[in-house]
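Descriptive structure summary
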Amino acid sequence: MARSKTSNAWLQEHVNDHYVHQAQKDGYRARAAYKLLEINEKDKLIRPGMWVADLGAAPGSWCQVARRLMGESGRVFALDILDMDPIRGVEFVQGDFREDEVLARFLELLDGRLVDLAICDMAPNITGNAVTDQARSMYLCELALDFSREHLKPGGHFLVKVFQGSGFTEYLEAMRGEFASVVTRKPKASRDRSSEVYLLGKGKKG
Ligand SMILES: C[S@@+](CC[C@H](N)C(=O)[O-])C[C@H]1O[C@@H](n2cnc3c(N)ncnc32)[C@H](O)[C@@H]1O
């Protein structure tokens, strides 16, 4: 089947992308690793011994970053609707985060303990309908914020990818209600043309 102009352009951009090459060299599964690395460089989120929840984790480059920065200590819990090849030291649940049964399986891993850090890079499949895509993405962000409300330690941090658009301001306000401070990050590996930004809630109010 002939490729569309859009997919050809995507392929061209991907092949020429500096971060794609760097990820291959460094053994990361996705260029997204450099987004977390840059944010972590500035905000010092990941420390040895932590319990980290990674929501929307596949193919797993954020898990790899967390594991490399924590060494043998701490635990990383990951969830994705897609399957993910195993990563040593990462406990994985496959399922749709919107389903209660999937959340319940994830929480079983935590065994009643709160995590120190929640990171969420979840993004729904794009339908092409901007209104639908924004609403779906915002819903996942809201669920991730709910997760932080319930399962993140007081003082813990929450990093979430949000697409700017409808509901963004309200979401930012909701985060401000939960955290001592909220900052916006747009790491260099995040493409300029993408409306994605990362919101970082620091110091969960307790
Ligand atoms: C941009 S990717 C995450 C990349 C990841 N941070 C990494 O470094 O490898 C977004 C992920 O969100 C997942 N996702 C989307 N909707 C989901 C849902 N409802 N439940 C669980 N995962 C979901 C996708 O399957 C996809 O793997």
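Refer to the structure above for everything that follows.
Read on for a plain summary of the structure. The model shown is predicted, which means the values in this text are computed figures rather than measured ones. (Residues numbered from 1 in each chain as written. Predicted model: local features only at pLDDT ≥ 70, side-chain atom pairs only at ≥ 80, totals over all residues. Heavy atoms only, no water.)

Re the site of the ligand
Around the ligand, the structure places 21 residues, and the nearest of them are Ser61, Asp80, Asp96, Phe97 and Asp121. Between an oxygen atom of the ligand and a main-chain N or O atom of Ala57, the distance comes to 3.4 Å. Between the ligand and Asp121 there is a distance of 2.8 Å, counted from a nitrogen atom to a side-chain nitrogen or oxygen. When isolated, the ligand has an accessible area of 610 Å², and the protein chains bury 87% of it. (Near = heavy atom within 4 Å. Polar contact = N/O pair within 3.5 Å; in protein donor to acceptor, adjacent residues only side chain to side chain. Areas by Shrake-Rupley, 256 points an atom, 1.4 Å probe, with all protein chains shown as cover.)

Side note on the layout of surface pockets
As a volume, the largest pocket reaches approximately 1600 Å³. What lines the largest pocket is a set of 49 residues, and nearest its centre among them are Asp121, Ala123, Pro124, Lys161 and Phe163. Contributing elements (two or more residues each) for the lining of the largest pocket: helix 1 (5–16), helix 2 (18–26), helix 4 (61–70), strand 2 (75–80), helix 6 (130–151) and strand 5 (152–163). Here the lining of the largest pocket takes 6 residues from helix 6, the largest share from any one element. Among the residues forming the lining of the largest pocket, the class breakdown is 22 nonpolar, 13 polar and 14 charged. (1 Å grid on protein atoms, 1.4 Å probe; cavity = no way out; pocket = protein on both sides within 12 Å on 5 of 7 lines; lining within 4 Å. Points joined across faces, edges and corners; volume = space filled by probe spheres on them. Helix = DSSP H or I, 4+ residues; strand = E, 2+ residues; numbered from the N terminus. Nonpolar A, V, L, I, M, F, W, Y, C, P; charged D, E, K, R; others polar.)

Quick notes on the nonpolar core
Counting residues in each nonpolar core, the largest one holds 33 residues, and the members touching the most others are Phe147, Phe158, Val160, Tyr171 and Met175. Not counting the four nearest positions on each side in its chain, Phe147 is found in contact with Ala53, Leu55, Phe97, Leu103, Phe106, Leu107, Leu110, Val115, Ala118 and Leu152. With 30 residues, the next largest nonpolar core counts Tyr28, Ala30, Leu117 and Tyr198 among its residues. (Core = buried A, V, L, I, M, F, W, Y, C linked by side-chain atoms within 4.5 Å. Buried < 20%, exposed > 50% of the residue type's maximum accessible area, 1.4 Å probe, protein only. Contact = heavy atoms within 4.5 Å.)

Here we look at unusual backbone geometry
Residue Pro59 is bonded to the preceding Ala58 through a cis peptide linkage, with omega at 5°. Mapped onto the elements of the fold, Pro59 is located in the loop between strand 1 (51–55) and helix 4. Although it is not a glycine, Lys44 adopts a positive phi angle of roughly 50°. Positive phi values are uncommon outside glycine, yet Asp111 reaches one of about 55°. The residue Asp111 is located in the loop between helix 5 (100–110) and strand 4 (115–120) in this model.

Some details on the sheet that holds strand 3 (residues 90–94)
Strands sit in the order 3-2-1-4-5-7-6 across an open sheet of 7 strands; the sheet is mixed. Of all the strands in the sheet, just strand 3 and strand 6 (179–185) have a single pairing partner and so form its edges. This sheet shows a mean twist of 15° between the axes of neighbouring strands, independent of strand direction. Where helix 5 meets the sheet, its contacts fall on strand 1, strand 2, strand 3 and strand 4, and the angle it forms with strand 2 comes to roughly 170°. (Pairing = 2+ DSSP bridges. Axes fitted to C-alpha atoms, helices over the stretch in contact; angles between N-to-C directions.)

Distances and angles like these do not, on their own, reveal function.
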